[in-house]
Amino acid sequence: MAVTYTAHVDVDGEGRNGGHVRSSDGLLETRLAIPKEFGGAGDATNPEQLLAAGWAACFLGALRRAAAIRKIRLTSTTITAEITLTHGDDGEFSLSAVLSPVLGGVDQATAEQLAHAAHQICPYSKATRDNIPVTLNASATAA
């Protein structure tokens, strides 16, 4: 398998608690903070938001690819990704995800079919498969 692309990102400081993220090309540079919901300042992004952004962007590309393979014309595509960090009674942390794509120009059944196909194509979905609970909530819109 040929390497297509490798992202290089450095995180320094205290990670999610006041750390700093910087990509090698300088295009991504941001601070990190613990969310207010976990008692942090909540004044910067956090790893869950970064995962949600990356996964949503990748999943949207996979949706478009799934549609193209099936020769389905989408008039619009948007997605909301929710990543939930849970602190269990056992003291361990875990993640879950909800991916909610909205596809224009198709009916509800086709939107659901494309979401499930994209979930098989998307590298983020592949990486997390059978590791965290993932819910797909596809919907169709006339736009």
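In case you missed it, the structure is sitting above this.
Residue positions are given per chain, counted from 1 along the sequence in the order it is written. Selection of residues for local features in this predicted model requires a pLDDT of at least 70, selection of side-chain atom pairs for listing and counting requires 80 or more, and totals for whole chains, interfaces and linings are taken over all residues. Only hydrogens and water are removed before side-chain values are computed, so all heavy atoms of the structure are retained for them.

S.K.: How should I be thinking about the packing of helix α1 (residues 47-69) against helix α2 (residues 108-121) in this particular structure?
M.R.: How two helices pack is summed up by the angle between their axes together with the distance between the axes. Note on geometry: axes are lines fitted to C-alpha atoms, helical ones only across the stretch in contact, with angles between N-to-C directions running from 0 to 180 degrees. The helix and strand labels rest on DSSP assignments: H or I over at least four residues marks a helix, E over at least two residues marks a strand, and numbering proceeds from the N terminus. Where α1 contacts α2, the axes come no closer than 8 Å and their chain directions differ by 115°. The hand of the α1/α2 crossing is right-handed. Contacts from F59, A62, L63, R65, A66 and A67 of α1 reach α2 at L114, A115, A117, A118, H119 and I121. Along the lines of polarity and charge, the residues of the contact of α1 with α2 split into ten nonpolar, one polar and one charged. Crossing handedness follows the turn of the near helix against the far one: under a right angle anticlockwise gives a left-handed crossing, and clockwise gives a right-handed one. Contact between two residues is taken to exist if any of their heavy atoms lie within 4.5 Å; hydrogens are not considered. All amino acids are sorted into three groups, where Ala, Val, Leu, Ile, Met, Phe, Trp, Tyr, Cys and Pro are nonpolar, Asp, Glu, Lys and Arg are charged, and the leftover types, Gly among them, are polar.

S.K.: Sorry, what's going on with the sheet that holds strand β2 (residues 20-23) here?
M.R.: Where strands meet in a sheet, backbone hydrogen bonds hold them as pairs that are either parallel or antiparallel. Ordered by their spatial adjacency, three strands build an open sheet running β1-β2-β3, and the pairing between neighbours is antiparallel. One side of each edge strand has no neighbouring strand; the edge strands of this open sheet are β1 (9-12) and β3 (29-31). Ignoring which end each strand starts from, the neighbouring axes of this sheet average 15° apart. Strand pairing follows a simple DSSP-based rule, namely that at least 2 bridges must link the two strands. Bridge count between β2 and β3: three bridges; the pairing is antiparallel.

S.K.: Quick question: what am I supposed to make of the environment of R64 here?
M.R.: Turning to its location among the elements, R64 is positioned in helix α1. Sequence spacing of R64 and Q113 is 49 residues, and the spatial spacing of their C-alpha atoms is 12 Å. Once residues within four sequence positions are removed from consideration, R64 is found in contact with L74, S76 and T77.

S.K.: I tried to follow the pattern of salt bridges on my own but got confused; where do I start?
M.R.: Side chains that differ in sign of charge can pair as their charged atoms come close. Any Lys or Arg side-chain nitrogen located within 4 Å of an Asp or Glu carboxyl oxygen qualifies as a salt bridge. What the rule picks out here adds up to three salt bridges. The partner of E48 in a salt bridge is R16, with the nearest N and O atoms 2.5 Å apart. Of this pair, E48 sits in helix α1 while R16 sits in the loop between β1 and β2, and the two are 32 residues apart along the sequence. For every residue, the accessible area (1.4 Å probe, protein chains only) is compared with the maximum for its type, and the residue is labelled buried under 20%, exposed over 50%, or partly exposed between those bounds. For E48, a relative accessible area of 12% translates into the label buried.

S.K.: Can you walk me through the pairing of β2 in this structure?
M.R.: Look at any regular strand and the pattern is simple: side chains alternate between the two faces of the sheet. Two strands pair when backbone bridges link them, and β1 and β2 are joined in this way by four bridges, in the antiparallel orientation. Residue D12 lies in a different strand from β2, and its bridge partner there is H20. Joining the antiparallel neighbours β2 and β3 is a turn of five residues, in which G26 adopts a positive phi near 80°.

S.K.: Would you mind showing me how to read the side chain of N46 here?
M.R.: Along the chain, N46 turns up in the loop between β3 and α1. With relative accessibility at 7%, the residue N46 sits in the buried group. In this structure the side chain of N46 is engaged in a polar contact, spanning 3.0 Å, whose partner is the backbone nitrogen of E48. Pairs of N or O atoms within 3.5 Å make up the polar contacts considered here, provided that, within protein, one atom can donate a hydrogen while the other can accept it, and that residues adjacent in sequence are counted only when both atoms are side-chain atoms. At 2.9 Å, the side chain of N46 forms a polar contact with the backbone nitrogen of Q49. With residues near it in sequence (within four places) discarded, N46 still touches L32, A33 and P35.

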